[in-house]
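Residue strings, one per chain:
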Amino acid sequence: MPARAPSPAPLRRSWLTVAWTLMRLSAILLVPLVWGHVIIQDMLVGVHKISLDYVAMRWASLGWRAYDAALLCFAFAHGSNGLRQVLEDYIHGQTARRILRVALFLFWLSITALGAAAVIGGVRQ
Amino acid sequence: MLVALKIKRFDPERKPAAWWSNYKLEAAPGDRVLDLLVRAKDELDGSLTFRRSCAHGICGSDAMRINGTNRLACKTLVRELGSRITVEPLLGMRVEKDLVVDMEPFLASYRSVKPYLINDEPLPADGRERRQSPAERLRFDDTTKCILCGCCTAACPVFWADGEYVGPAAIVQAHRFLFDSRDRGAGEHTAALLDMKGVWRCRTIFQCTLSCPREIKITQAIAEVKQAIVLGK
Ligand code: FES
């Protein structure tokens, strides 16, 4: 048995602690973000009425752009991390897990960058 | 009443695969499943193998899957189950023979949280015990009730999917010392809970709480351990 460090031994965190905490925080933020999105886009406006004019109108407002950017960041990060957790139940090797994490991170990064470019960049008239 | 007792058997010296044995026994509603197992072994098939020791719900050695739920055979009455009783070994653990599973990985997880009081500070001035108020004792009372039977860990789908997860029982033990006002080893008890084997694998499925024969609020204890780590206590 290795020698024990003398007490007091304070609590430590790990990257999984951070991932777990972010998962909870993003979930709390997603409640208003996703519900707001669904209620406005799908119920009040309706998917069939979403035209380029409507999109341009939303693009014109900085507030809506910030809202959509926040939705994109939190929803997709939340989903990607959730996917990691599910897949790691089945993928047990250390190397395989590392490959999975890097792949998911790159996937998340590229989709988020693409989405952010569209949301923030807007339409070129 | 006549009870149809169906038991999942395994004996690598006899057959490579598991098989089912069916017994018919006369039983009273107040009989325990353990009584039926003992009678089946004594009267019908001496090769039937299972663990039991205290027979009173204290030692934790006769945890098994009874009609699909992990329970102690000595605390489960025939009355609760009806006339058809199916008994299997705990899931997620390697079966050695019949209802006997290999508890060593489970106990290794238990040891990994250093389940003992850690405090290197000098003793109090009177040189006697480290005192604790009733309220401080109450803080971790629930998790002192664990008998390490394995019902909770063997009911956890995360553990089934990945046996390296320490499982609820080990986290309950970490909780018991983490919230003890006399303990100074929080970092040591939780060190093994920080990586992929640890507490973050818990998905709050509540299977552990439902299966605990001691009725420990296990999922709540796990949440308290997570919270302590996130907040630094
Ligand atoms: S035999 Fe001891 S708990 Fe059942």
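Our subject is the structure listed above.
Throughout this description, residue numbers start from 1 for each chain and increase along the sequence as written. Here the convention is simple: chains get letters from A, ligands get numbers from 1, in the order in which they are written. Since the coordinates come from a predicted model, pLDDT governs what is reported: local features require at least 70, and pairs of side-chain atoms require 80 or more to be given and counted, while whole-chain, interface and lining totals use all residues. Calculated side-chain values reflect all of the structure's heavy atoms, with hydrogen atoms and water omitted.

Novice: An account of the environment of Ala116(A) is requested, with residue identities and associated values reported.
Specialist: Residue and element names in this part refer to chain A. Mapped onto the elements of the fold, Ala116 is located in helix α4 (residues 94-121). Accessibility here uses a 1.4 Å probe with only protein chains present; expressed as a share of the type maximum, an area under 20% marks a residue as buried, one over 50% as exposed, and anything in between as partly exposed. By relative accessible area, which is 23% here, Ala116 ends up partly exposed. Note: C-alpha distance between Ala116 and Leu72 (44 residues apart in sequence) is 7.7 Å. Every residue pair with non-hydrogen atoms within 4.5 Å of one another is taken to be in contact. Beyond its immediate sequence surroundings of up to four residues, Ala116 is in contact with Leu72 and Gly121. Counting from the N terminus, the helices are the DSSP runs of H or I reaching at least four residues and the strands are the DSSP runs of E reaching at least two.

Novice: Give me the packing of helix α3 (residues 62-90) of chain A against α4(A): which residues, what numbers.
Specialist: The relative placement of two packed helices comes down to the angle between their axes together with the axis-to-axis distance. All names here are of chain A. It is at 10 Å that the axes of α3 and α4 come closest, and there the two elements cross at 165 degrees. Regarding the angle of α3 to α4, the classification is roughly antiparallel. Helix-helix and strand crossings are classified by hand; for α3 and α4 the assignment is right-handed. Counting all contacts with α3, which are made through Arg65, Asp68, Ala69, Leu72, Cys73, Phe76, Ala77, Ser80, Leu83, Arg84, Leu87 and Glu88, the residues of α4 involved are Arg97, Leu100, Arg101, Leu104, Phe107, Trp108, Ile111, Thr112, Gly115, Ala116, Val119 and Ile120. Here the residues of the contact of α3 with α4 sort into 15 nonpolar, three polar and six charged. Lines are fitted to the C-alpha atoms to define the axes, a helix being fitted only along its stretch in contact, and any angle between axes, read from their N-to-C directions, falls within 0 to 180 degrees. An angle counts as roughly parallel when it lies under 35 degrees, as roughly antiparallel when it exceeds 145, as roughly perpendicular when it falls between 65 and 115, and as oblique in every other case. For a crossing to be left-handed, the near helix must be turned anticlockwise from the far one by less than a right angle; the clockwise case is right-handed. Polar here means any residue outside two lists: the nonpolar Ala, Val, Leu, Ile, Met, Phe, Trp, Tyr, Cys and Pro, and the charged Asp, Glu, Lys and Arg; Gly therefore counts as polar.

Novice: Go over helix α2 (residues 52-59) of chain A with me, naming the residues and quoting the values.
Specialist: The α-helix winds at 3.6 residues per turn, so residues separated by three or four positions along the chain end up facing the same way. All names here are of chain A. If you check which residues of α2 are buried, you get Tyr54, Arg58 and Trp59. Taken around the axis of α2, the buried residues stretch over an arc of 140 degrees, which confines them to a single face. Facing away from the buried side of α2 by more than 90 degrees, the exposed set consists of Leu52 and Asp53. Packing partners of the buried residues in α2 comprise α1 (15-45), α3 and α4. What the arc describes is the spread of directions from the helix axis to the C-beta atoms.

Novice: Help me get a handle on the interface of chain B and chain A, residues and values and all.
Specialist: Many structure descriptions define interface size as the accessible area lost when the parts assemble. With 31 residues of chain B at the contact, the number on the chain A side is 23 residues. Note on definitions: buried area is the accessible-area loss of two parts on being combined, 1.4 Å probe, summed for both. For the pair chain B and chain A, the summed buried area comes to about 2300 Å², and 54% of that belongs to carbon and sulfur atoms. What counts as a salt bridge is simple: a side-chain nitrogen of Lys or Arg found within 4 Å of a carboxyl oxygen of Asp or Glu. Linking Asp89(A) and Arg201(B) is a salt bridge whose minimum nitrogen-to-oxygen distance equals 2.9 Å. We define a polar contact as two N or O atoms separated by no more than 3.5 Å, with the added condition that, inside protein, one atom must be a possible hydrogen donor and the other a possible acceptor, whereas residues neighbouring each other in sequence contribute only through side-chain atom pairs. Where chain B touches chain A, the interface holds 13 residue pairs in polar contact (both at pLDDT 80 or more). Elements with a contribution of two residues or more to the side of chain B that touches chain A: α5 (157-161), α7 (186-190) and α9 (218-231) of chain B. Element by element, the count of residues in the side of chain B that touches chain A is highest for α9(B), at five residues. Its residues assigned to classes, the side of chain B that touches chain A shows 14 nonpolar, five polar and twelve charged.

Take it as geometry only, folks, not as evidence of what the structure does.
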